[in-house]
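# Per-entry structural report
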Amino acid sequence: MRFDAVSLFPEMFQALTSQGISARALQNQLYSFNAWNPRDFTQDARRKVDDRPYGGGPGMVMMVEPLIAAISAAKSAQLALEITSHVICLSPQGQPLTQSLVASLGGYLGLILVCGRYEAIDQRVLDKAIDSEISVGDFVMSGGELPAMCLMDALIRRIPGALGDKDSAAQDSFEAGIFDCPHYTRPPSFAGSEVPDVLMNGDHAKIVAWRRQAALKNTLNKRRDLIDSAYKNGLLDIKDQQYLVSLGWQ
């Protein structure tokens, strides 16, 4: 998988490409990453990429020409590798980033991530060059770099071979429409709190059953809306429903 980021601060992505799982995956050539700075596509000595908004108002707006040129360069680089690009703008006005959206984006071989700055991006960039907008939450950040890294990390961990255990991603929260179950490790007892006996007895069938019920309870306590959604989508069998009813779910 190939990622190309259009960013005024490409060095920020070193936090992702030089640390942890994402760094190892890059070293193992499970994905590639390139950054394109719009300043490199300006025509003036000051390398100007922003200007005041028409109609007045606070802040500055990212100019259309440098952004379009940077996106076009990234698309050409992917096309040279016979990759069809999907261009995403990270924006608080975008579609919420969910695990199901991450899974669907994993079908692309090449993504171009456009990271905005300042007050806004010129609307003509969105109209002419962006395939989709994605938001990591209903809040505003100073730029799109951190949201882009969130999206990249979520995608990279799903690439076969990126995680040490091939089953890890399949057991993540949201993969089955609900949260993961609680997890424990040594020591078996800490400050009067014990690891559940079922996890210590080696009975695999009982462990699987406990984990499922614990995941359901965990989700019901924290995000009842996810339980309702899982029910509507047919992700809860009759045993799940009976257990949830015993906990007060209707």
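Below you will find a few notes about this structure. (Residues numbered from 1 in each chain as written. Predicted model: local features only at pLDDT ≥ 70, side-chain atom pairs only at ≥ 80, totals over all residues. Heavy atoms only, no water.)

## Here's the deal with a nonpolar patch on the surface
On the surface, Phe139, Met141 and Leu146 cluster together into a nonpolar patch covering about 270 Å² of accessible area. Within the secondary structure, Leu146 is located in helix α6 (residues 145-156). Since its relative accessible area comes to 42%, Leu146 is described here as partly exposed. (Patch = residues over 30% accessible without salt bridge, like charges linked within 9 Å, V, L, I, M, F, W, Y side chains within 5 Å. Areas by Shrake-Rupley, 256 points an atom, 1.4 Å probe, with all protein chains shown as cover. Salt bridge = Lys/Arg side-chain N within 4 Å of Asp/Glu carboxyl O. Helix = DSSP H or I, 4+ residues; strand = E, 2+ residues; numbered from the N terminus. Buried < 20%, exposed > 50% of the residue type's maximum accessible area, 1.4 Å probe, protein only.)

## Structural notes on the side chain of Ser7
Note that Ser7 resides in the loop between β1 (2-6) and α1 (14-17). From its side chain, Ser7 meets the backbone nitrogen of Phe9 in a polar contact 2.9 Å long. Once residues within four sequence positions are removed from consideration, Ser7 is found in contact with Phe13, Trp36, Asn37, Pro38, Cys115 and Glu145. (Polar contact = N/O pair within 3.5 Å; in protein donor to acceptor, adjacent residues only side chain to side chain. Contact = heavy atoms within 4.5 Å.)

## What to know about the sheet that holds strand β6 (residues 110-115)
Read across the sheet, 5 strands follow the order β2-β1-β6-β5-β8 without closing on themselves; strand pairing throughout is parallel. Looking at strand neighbours, the two that pair on one side only are β2 (32-36) and β8 (132-135), the edges of this open sheet. If you compare each strand with its neighbour and ignore which way they point, the axes differ by 30° on average. Sheet topology note: the β1/β6 ladder contains 5 bridges and is parallel. From the neighbouring strand, Phe3 faces β6, where its bridge partner is Leu111. The strands that α6 touches are β1, β2, β5 (85-96), β6 and β8; relative to β6, the one it contacts most, it runs at about 160°. (Pairing = 2+ DSSP bridges. Axes fitted to C-alpha atoms, helices over the stretch in contact; angles between N-to-C directions.)

All we've got here are geometric facts, nothing functional implied.
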